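Each chain is listed here by its residues.
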Amino acid sequence: MRWTKTLIPTMKETPEGAEIPSHVLMLRAGLINQVMAGAYTYLPLGLRCLRKAERIVREEMDVAGAIELLMPAITPLSLWEQTGRVEAFGDVLIQFTVRRQNRKVHMALGPTHEEVITDLVSRQISSYRQMPITLYQIQTKFRNEERPRFGVLRTSEFLMKDAYSFNPSIESLDKSYEAMYAAYCRIFDRCGLEYLPVEAESGPIGGDASHEFMIPAENGEDTVAHCRECGYAANLERAEVGARDVVPPDVALKEMATVDTPNAGTIAQVCDLLRCKPARMIKTLIYVADGKPLAVLVRGDREANEGKIRRAVGAEKLELASPEVIEKVTGAPVGFAGPVGLKQNVPVWADRDVPILRNAVTGANQADAHLVGVNPGRDFTVPKDHVADLRNAADGDPCPRCSAKLSLRHAIEVGHVFKLGTKYSDALSARFLDDQEQLHPIIMGCYGIGINRIMAGLIETNHDESGILWPMAIAPYEVFVAPLKVTDEPTMRAAQQLHDQLEELGVEVLLDDRDVRAGVKFKDADLIGIPLRIVLGPRGLQEGQFEMKWRWDDQAEMIDQSTAAATIADLVRQERADGARFRARPGK
RNA sequence: CGGGGCGUGGCGCAGUCUGGCUAGCGCGCCUGCUUUGGGAGCAGGAAGUCGGAGGUUCAAAUCCUCUCGCCCCGACCA
């Protein structure tokens, strides 16, 4: 392809509004163009990357035995009503009504396709003989993001590969799940991504029923806890905290006393006022579990984890209490709850950090007052079986699997595999007959990959001050050919010939035939990040040599004009297959 | 949903507080000459209903009211 025949609007300056590297570089390199908040046009160069990522995903899905189909983006709203997800999605679900003659048709743009595929399967699969089967599609999804952000990372319309497995048994589901998990590893490996499969919230099936594939990145929206020692990795909601101190510090116990804390209803305000550290405070949260209120104690500098609390108390549904309930339980307005002297006798649970606190600070269960010198065991007690790991992991916490420490890292979620169970097959009556003529709901798994995020994630983790560094497998073009003087006939002839030969050898070439100065070509080449750059300039041409340089190397090397095409094609093929040079590049 | 910021040729910005002349600057674009290995120089040129609507005024990019759009931060933490 000739540069002048396609559309590559590179920019020298960063458009206002773009902040994170992937967004800035995708705009500057002419990969995308913003149409509105959360919706982008993929320009020719960006589309090529997207298609390559899509192709790798498709190939590995096929290898894993998944079967491709294509569902519509528009779906009947009734399908979502049947599974209760109209409410679950809320405003995220883009729904609308159209008129058809004398009636109105209610539709929704699919944010995901469990309903549609389960509906299909409920009609077409009725025997254990038809399973297991994993069906997938690569399709545009629509979610009305409340706040689209970070360029292509969080948009209202995006390309997703979604797969669904249908199994007659848990064992069969486990196998399908493992096949997808393995396929995901191959996909992200081939894409040149450094990823981390992490344990995630597992929902109805429990156990290791869900993993997210995360790309550790500064600008990621998610947080994962990772142990570099043993490899344990989990997302923040899920991460366990390892063994903690059980012996309280040996300090003199102070008398408990009430102090005035007017209008200080937050941890920060109280600490400011009393000049104490959040770690010395006992945060008292009032929850409602299946309709019954309870109190949860967490150290002031820690975050309660609702998933852990819900599991610990064995509740179906858990939510923070309303201000009215809080007042009823504590006898005080919001902001002044504490474990000592609660007005109502509700169950009290505590995170493991709490019982070993000494001379702590906590709400006094009356307006504008806190207690100081509070000591668990003396001033209040929590039953042993009500002490558990109830908080989010924090940076430096002990690893639950070894003796090392957890580190918290931001990450971009690119993939998710999930053992669904029978939620949708129950709701939509997708049942099958086993070999004993017994009717069972089909057991499902679902598996998603955000194609756009593969691109953005790659850029986010692979760029330098000059621009993008693409791995060969995803690069929009594999070779960039730059004749420095396009008005010089022999130069252009050689460039065109190299371009044609490479294309014949199956290499994707971008020929920069613009009549611009060398510096412009070099800058743009670095910006758009094509892995191999071939320069045809006065330095080599007279000796029958081209200059070849990898995007991530500092030094170029000279190659023979006569054998250039074959040499380059070999390198490209090799790098395309294993990405070894990209991975081993200097500075990585 | 709460808070903050920004809308001025394709892109980045100044001008707005304190209303006034033909609305500027850099990049990009077009023409010509020179230049030619890391975003060239000179000369000439095209391109803007100052986000939109209404209002105040002799006069509005600038003041007032409403509105639309974009970006960032926060969102149950007692």
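Just so we're clear, the structure is a prediction, and the values are computed from it rather than from any experiment. (Residues numbered from 1 in each chain as written. Chains lettered and ligands numbered in written order. Predicted model: local features only at pLDDT ≥ 70, side-chain atom pairs only at ≥ 80, totals over all residues. Heavy atoms only, no water.)

## Some points on the domain arrangement of chain A
Then, in step 1: Looking at chain A, the domain boundaries give domain 1 (31–240 + 409–459), domain 2 (257–388) and domain 3 (469–583).
Then, in step 2: A separation of 38 Å is found between the C-alpha centroids of domain 1 and domain 2.
Then, in step 3: Taken together, the contact pairs six residues of domain 1 with four residues of domain 2.
Then, in step 4: Summing the contributions of domain 1 and of domain 2, the shared interface buries around 310 Å²; its carbon and sulfur component is 23%.
Then, in step 5: Where domain 1 packs against domain 2, one counts zero salt bridges. (Domains from an automatic or database assignment. Contact = heavy atoms within 4.5 Å. Buried area = accessible area lost by both parts, 1.4 Å probe. Salt bridge = Lys/Arg side-chain N within 4 Å of Asp/Glu carboxyl O.)

## Some words on the sheet that holds strand E19 (residues 369–374)
Then, in step 1: If you walk across this open sheet you meet the three strands as E13-E19-E18, and the pairing is antiparallel. Of all the strands in the sheet, the pair left with one neighbour each is strand E13 (257–260) and strand E18 (360–363). On average, adjacent strands in this sheet sit at an angle of 30 degrees to one another, irrespective of strand direction. (Pairing = 2+ DSSP bridges. Helix = DSSP H or I, 4+ residues; strand = E, 2+ residues; numbered from the N terminus. Axes fitted to C-alpha atoms, helices over the stretch in contact; angles between N-to-C directions.)

## Here we look at the pattern of salt bridges
Charged atoms that come close allow side chains of opposite charge to pair.
Then, in step 1: If you walk through the whole model with that rule in mind, you get 37 salt bridges.
Then, in step 2: The residue Arg576 makes a salt bridge to Glu478 at a minimum N-O spacing of 2.6 Å. You can see Arg576 sitting in helix H15 (residues 564–578) and its partner Glu478 sitting in the loop between strand E26 (467–468) and strand E27 (479–483), a full 98 residues away along the chain.
Then, in step 3: For Arg576, a relative accessible area of 34% translates into the label partly exposed.
Then, in step 4: Here the residues in one salt-bridge network are Arg244, Lys308, Asp351, Asp353, Asp389, Arg391 and Asp397, joined through shared partners. (Buried < 20%, exposed > 50% of the residue type's maximum accessible area, 1.4 Å probe, protein only.)

## Observations regarding helix H2 (residues 44–63)
Then, in step 1: Taking 1.5 Å as the rise per residue, H2 with 20 residues should run 28 Å; its terminal C-alpha atoms sit 28 Å apart, in good agreement.
Then, in step 2: Among the residues of H2, Leu45, Gly46, Cys49, Leu50, Lys52, Ala53, Glu54, Ile56, Val57, Glu60 and Met61 are the ones counted as buried.
Then, in step 3: Gly65 sits one or two positions beyond H2 and adopts a positive phi of about 90 degrees. (Expected span 1.5 Å × (residues − 1).)

## Details of the protein's contact with RNA strand B
Then, in step 1: In the vicinity of RNA strand B, 44 residues are found, and the nearest of them are Arg147, Ile267, Thr284, Gly335 and Asp526.
Then, in step 2: The protein-proximal atoms of RNA strand B, defined as those within 4 Å of the protein, are 46% sugar or phosphate.
Then, in step 3: Separating a base nitrogen of RNA strand B from a side-chain N or O atom of Glu13 is a distance of 3.0 Å.
Then, in step 4: The side chain of Glu306 places a nitrogen or oxygen atom 3.1 Å from a base nitrogen of RNA strand B.
Then, in step 5: Of all the elements in the fold, those that place two or more residues in the surface near RNA strand B are strand E1 (32–36), strand E14 (282–289), helix H13 (518–528), strand E29 (532–536) and helix H14 (538–541).
Then, in step 6: By residue number, the principal contributor to the surface near RNA strand B is H13, which donates seven residues.
Then, in step 7: Counted by class, the surface near RNA strand B contains 18 nonpolar, nine polar and 17 charged residues. (Near = heavy atom within 4 Å. Polar contact = N/O pair within 3.5 Å; in protein donor to acceptor, adjacent residues only side chain to side chain. Nonpolar A, V, L, I, M, F, W, Y, C, P; charged D, E, K, R; others polar.)

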